[in-house]
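# Observations on chain architecture
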Amino acid sequence: FLGVPLVVVYAAMAWMLTTRLERGAVARMERGAIERVAALAGRLDDRMRLQGVDALAGSFAEMDRRAAEARARYVVVDRSGKVVHDSGGRIPSGTDLAVSAEAVGRPEVSVAVREALAGGSGIARVEGTLSAETGWLVHVPLPSTGGAVFAGASEATLLEDLRSQMRLGLAVLALGLLAIL
């Protein structure tokens, strides 16, 4: 008789705990994603300022390697919003990213391009931009050139570790409940 109310209370606590943990972890991941992309943009910006645009070929190769390892994608645009480099190789150099995004029905990407070119940074949760699934798009400016860096990855990839840890925590909670009963 005591087991049913205990299970209900235990389940409610587990649900509240996991929901709160996920919200907090997502907020921390968003901040971390902006900081990582800003650090990458800072390195690109420094290299361009000190060595010129021609020095970026090596940086792009490194970016492509990091993007592949992280299952992410980086796009660099110049001050006019034209693509300089796409680590995924899907957008040809010289393509106006904002115009292209509007043409395929992605106004949120166009807004991010305008914001980044105006010197702003941010993150947006977007549906189906990188693949059929939900993804995150981070944008930061490149101050010395007036351009910007965009980074995107699927939400499943970004939250994979967090969700794995939450499943483990729920399993431990379930075992604790079984032990009590």
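Calculation notes
- Residues numbered from 1 in each chain as written.
- Predicted model: local features only at pLDDT ≥ 70, side-chain atom pairs only at ≥ 80, totals over all residues.
- Heavy atoms only, no water.
- Core = buried A, V, L, I, M, F, W, Y, C linked by side-chain atoms within 4.5 Å.
- Buried < 20%, exposed > 50% of the residue type's maximum accessible area, 1.4 Å probe, protein only.
- Helix = DSSP H or I, 4+ residues; strand = E, 2+ residues; numbered from the N terminus.
- Contact = heavy atoms within 4.5 Å.
- Salt bridge = Lys/Arg side-chain N within 4 Å of Asp/Glu carboxyl O.

### Examining the nonpolar core
- Counting residues in each nonpolar core, the largest one holds 17 residues, and the members touching the most others are Leu44, Met63, Tyr74, Val76, Leu142 and Val149.
- Elements supplying a minimum of two residues to this core: helix H1 (3-51), helix H2 (56-70), strand E1 (72-77), strand E4 (134-142) and strand E5 (147-154).
- The biggest single contributor to this core is H1, with six residues.
- Not counting chain neighbours up to four residues away, the residues in contact with tyrosine 74 comprise Leu40, Met63, Ala67, His85, Asp86, Ser87, Val149, Phe150 and Ala151.
- In this structure, Ile91, Val109, Ala116 and Val126 belong to the second largest nonpolar core, which totals 15 residues.

### Some thoughts on the pattern of salt bridges
- With the rule as written, the count across this model stands at two salt bridges.
- The shortest N-O distance in the salt bridge between arginine 73 and aspartate 86 comes to 2.9 Å. Within this pair, whereas arginine 73 is found in strand E1, its partner aspartate 86 is found in strand E2 (residues 83-86), the two being separated by 13 residues in sequence. Per residue, the accessibility class of arginine 73 equals that of aspartate 86, and both read buried.
- Note that arginine 106 and glutamate 108 form a salt bridge whose closest N and O atoms lie 2.3 Å from each other.
- On the basis of relative accessibility, which here comes to 26%, the residue glutamate 108 falls in the partly exposed class.

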